[in-house]
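Chain residues, written in single-letter form:
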Amino acid sequence: MTVYESDLPGVGKKHEIDLPDGSQLVVVTHNEGRREVFLRADPDSDSEKLFELPDRLARQVGTILEGAYFQPVKSQDIETLLGGDTLLEWVDVGEDSPIAGQTLGESDLRAETGASVVAVERGTDVIPSPGAETTIRAGDRLVVVGTRENCEDFQSRVDGT
Amino acid sequence: MAAGLLELGQVFAVLAIAGAAALRIGLSVIPLYVVSGMLAGPFVAGRFGVPYVSNGELLTVLAEVGIVLLLFFLGLEFSLDRLLAARSRITRAGVIDAAINLPLGIAIGLALGWSVVEALLLGGIVYISSSAIITKTLIDLGWIANDEADPILGTLVFEDLLIAVYLAVVTSLVLGGADAGVSGLGRSLAIAFGFLGALLLAVQYGTEFFSRVLDVSDTESFVLRILGVVVPIAGVALALGVSEAVAAFFVGMGFSTSGHRERIERQLTPVRDVFAAVFFFWIGVGTDPRLLPGIALPLAAAVLLTTPAKLLSGYLGGRVYDLSEHRSFRVGLGLVPRGEFSLVIAALAAGGSTTVMRETIPALAVGYVLVMSVVGTLLMQRADRVEGLLDRVRSDTGAST
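Because the structure is a prediction, the values reported are computed rather than measured. Within any chain, residue numbers begin from 1 and follow the written order of that chain's sequence. The naming scheme follows written order: chains are lettered A onward, ligands numbered 1 onward. Local features in this predicted model are restricted to residues whose pLDDT is 70 or higher, and side-chain atom pairs enter the listing and the counts only when it is 80 or higher, whereas totals over whole chains, interfaces and linings include all residues. Hydrogens and waters are ignored; side-chain quantities use all the structure's heavy atoms.

Helix and strand definitions here come from DSSP, where helices need a minimum of 4 consecutive H or I residues and strands a minimum of 2 consecutive E residues; each element is numbered from the N-terminal end. Helix and strand content of chain A: four helices and 10 strands. Helices and strands appear in chain A in the N-to-C order β-β-β-β-β-α-β-β-α-α-β-β-β-α. Our radius of gyration is a C-alpha quantity, and the globule rule it is checked against amounts to 2.2 Å times the number of residues to the power 0.38. Over its C-alpha atoms chain A spans a radius of gyration of 20 Å, topping by over 25% the 15 Å that the globule rule assigns to 161 residues. Exposure is judged per residue with a 1.4 Å probe applied to protein chains only, and the accessible area is read against the type maximum: over 50% gives exposed, under 20% gives buried, and values in between give partly exposed. When burial is assessed residue by residue, chain A has 37% of its 161 residues classed as buried. Pairs of residues are marked as contacts when any of their non-hydrogen atoms sit within 4.5 Å. Within chain A, counting contacts between residues at least 6 apart in sequence, those at least 24 apart form 40% of the total. When the 15 positive and 32 negative side-chain charges of chain A are each reduced to one mean point, those points stand 6 Å apart. For this count, His and the chain ends are skipped, Lys and Arg are scored as positive, and Asp and Glu as negative. One atom stands in for each charge, and that atom is NZ of Lys, CZ of Arg, CG of Asp or CD of Glu.

If you want it as C-alpha cells, here you go:
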C-alpha cells in the first residue's frame, strides 16, 4: 500500500491512498480539523466526494477502522501498528497464567521475548512505565511494545502455552 | 461617540447582509462586500440622503488592520521548506505565470499613456490571482482532491512571494519617488530594504522569541499577543514609508516557525475575516461609481486581454506538473479570479500623487476585481461546459482545415 502525502498551502494536507482495485482514496485534512474523503475511480478521473467529518468524529471513525473497538480477524488481541513492524499490543493476564503473582523482574519477560511492558491496566487504574518491582496480577492487562514476533512470544509466555 | 458607533454598526450590518446574499447566490463574498461598501458609502447612500458610512479615519484604520492580517496569514502559510521541496515545479510554473501576466498588465498601462510607475501598478493588479477566492472555490468544487490543485496552489504561493517583493518596491516608488526625485527615491528604497532586512533577520533568529510569546494556553491572551506584535510592527513600517503589508508578511513568516502555526490559523482566522471584510467594504466606500463609466474602455481591454493570458499561463503551468491537457486547462480556469491583493495594490496607488494613481487606478482595480472575481468563479463552476465548448471549437477548426 502506498500513501502519498502532499501539502495544500492555505488549506491543509492531502493523503492519497492506492486501493487494491486501482482506485484511489483521497483524504483532505483541513487546517481547522475537518476531513473530506474522496474517491477517485482511476488516476484520470475527477475525485468524487464521499463524505465529510468534523475533527472529533473523524478521530472516532478512525479508531473504529483501526480496530481498537472491534478487531474481526484476531478477536483476542487489540493491536496497533506503530510503523515498520512494531506493534502496540494489549495482553490479558489469565487466572492460570504462569506469570501471575510474579514481579516484572522475576518474570524476565523482556529478556526472553524482546517485548517490553509500557503500562499495566488494572481495573480502572493504569500504572504507566512499570518498574521491575511491579507485581503482575491475574486480571491485569499489559500494554506491550515489540515486533510482531516479540509480541507473539510474549503472548504465549503469558498464556503459558 | 454615538455617531461613530452607529456608523460602525451600519458597516457590520451591511456586511452581514452582503455575506448572506453571497451565500445565497453561490458567489464569492469579496465582490459583494465591495459593492455593499459602494452602496452604503457617500457616493450612493450619501447622495440619496440616507444615513451613509463616511470614508473616515475609523474605517480606514480598521481596513488597514484587514490588510495587515491578510498579509500576516500569507506569511504564516508561506513556508520556505515547502517552497524548496517543490521548488523546480513551483518556480517554473510561477515564472511562466509572472512572465506572461505582469508584462501584459504593464504594457496595457503604457498603451493607455501612463507613466512607468502607474503601468507597474496595473501590472501587479492584473497579475496577482486571488488566493482567498480560488482556495475557497477549489474546496467548494472538490477540485482540492484533484491533481490540478497542486499547480494552482503552488502558483499562488509563488505569486504571494513575488508580491511581497513587489509591494516593497512599489510602495517606495509611490510614496517616496514622485516629488523627491532620484535621491529621494534612493533614500526611501534604502529605508525600506533596511527596515525589511532588519525584520527578516529578527524573523530568522527570533524563533525562540516567537515561541515564547505564544506559550500561553489562554485563547484571549494568545490572540492579543499576536495582534500586539504584528500591528505595531506594521504601524512602524507605515510610519517609515515602508509597506505595512510586507512587514506583516515577514512577521507571519516568523510566527510560522514558532510551532504554533495551526493554532494561530484556528484562532485568528475569524479575526482576519472580520477585518478583511471591513477592508473590502472600505475599498467600496472609497469608490465613486460615477468614475466607472470613465474607465470602461481600459477595463474592457484589461478583462479581454488578461483572461486568455491567465488561461494560457495556467495551462502551461499545468503542463509543467505533467498534467493532461484537460487538467492543465482547468489550472488556467482556476487562476482567473482576482481579488484581495489587486485591491491592496489599488489602496496603495490611492496614496500616490497623480490623478491616474488617485482616481483612475483604484476605480479600474475595483471594476476589474468585480468582473474577474465573478467571471473567474463562474468559469470554474462551469468548467465542464467551457471545456466542451472549447473542444467543439477545436474540432470545428480541425475539420475545416
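Okay, the pairing of strand β2 (residues 12-18) of chain A next. The side chains of a regular strand alternate, first on one face of the sheet and then on the other. Residue and element names in this part refer to chain A. Between any two strands, pairing holds if DSSP finds at least two bridges. Across six bridges, the pairing between strand β1 (residues 3-8) and β2 is antiparallel. Directly across from V3, in β2, lies its bridge partner I17. The turn joining β2 and strand β3 (residues 24-30), which pair antiparallel and follow one another in sequence, is formed by five residues; a positive phi near 95° is taken by G22.

Turning to the environment of L343(B), a few remarks are in order. Here L343(B) is to be found in helix α16 (residues 340-349). If we skip the residues at most four places from it in the chain, L343(B) touches V34(B), F279(B), F280(B), I283(B), A365(B), V366(B) and V369(B).

To continue, consider the environment of L189(B). Residue and element names in this part refer to chain B. When you line up the elements, L189 lands in helix α8 (residues 149-205). We classify L189 as partly exposed; its relative accessible area is 26%. Sequence separation between L189 and A350 is 161 residues; the distance between their C-alpha atoms is 19 Å. With residues near it in sequence (within four places) discarded, L189 still touches V169 and S172.

This part takes up the domain arrangement of chain A. An automatic or database domain assignment supplies the start and end points of every domain. Here the domain parsing of chain A yields domain 1 (3-66) and domain 2 (75-159). The C-alpha-based centres of domain 1 of chain A and domain 2 of chain A are spaced at 35 Å.

Turning next to the packing of helix α14 (residues 296-320) of chain B against helix α15 (residues 325-334) of chain B. Residue and element names in this part refer to chain B. In this analysis an axis means a line fitted to C-alpha atoms, helices contributing only their contacting stretch, and an angle means the value between N-to-C directions, from 0 to 180 degrees. Between α14 and α15, whose axes approach to 7 Å, the crossing angle comes to 135°. It follows that α14 is oblique to α15 by the angle criterion. Of the two possible hands of crossing, α14 and α15 adopt the one that is right-handed. Contact residues: α14 offers K310, L311, G314, Y315, G318 and R319, while α15 offers E325, S328, F329, V331, G332 and L333. Any residue that is not Ala, Val, Leu, Ile, Met, Phe, Trp, Tyr, Cys, Pro, Asp, Glu, Lys or Arg is counted as polar, Gly included; the first ten are nonpolar and the last four charged. In the contact of α14 with α15, the residues fall into five nonpolar, four polar and three charged. Angles below 35 degrees are treated as roughly parallel, those above 145 as roughly antiparallel, those between 65 and 115 as roughly perpendicular, and all remaining angles as oblique. If you view the pair so one helix is near and one far, a crossing is left-handed when the near helix is turned anticlockwise from the far one by less than a right angle, and right-handed when it is turned clockwise.

Another point: the interface of chain B and chain A. At the interface, 16 residues of chain B touch 21 residues of chain A. Any carboxyl oxygen of Asp or Glu that lies within 4 Å of a side-chain nitrogen of Lys or Arg is treated as forming a salt bridge with it. Taken together, chain B and chain A are joined by four salt bridges. Across the pair K14(A) and D150(B) runs a salt bridge whose closest N-O atoms are separated by 3.8 Å. Think of a polar contact as two N or O atoms within 3.5 Å of one another; within protein, one of them needs to be a possible hydrogen donor and the other a possible acceptor, and neighboring residues in sequence only count if both atoms come from side chains. Applying the counting rule to chain B against chain A returns 10 residue pairs in polar contact (both at pLDDT 80 or more). Among the residues forming the side of chain B that touches chain A, the class breakdown is five nonpolar, three polar and eight charged.

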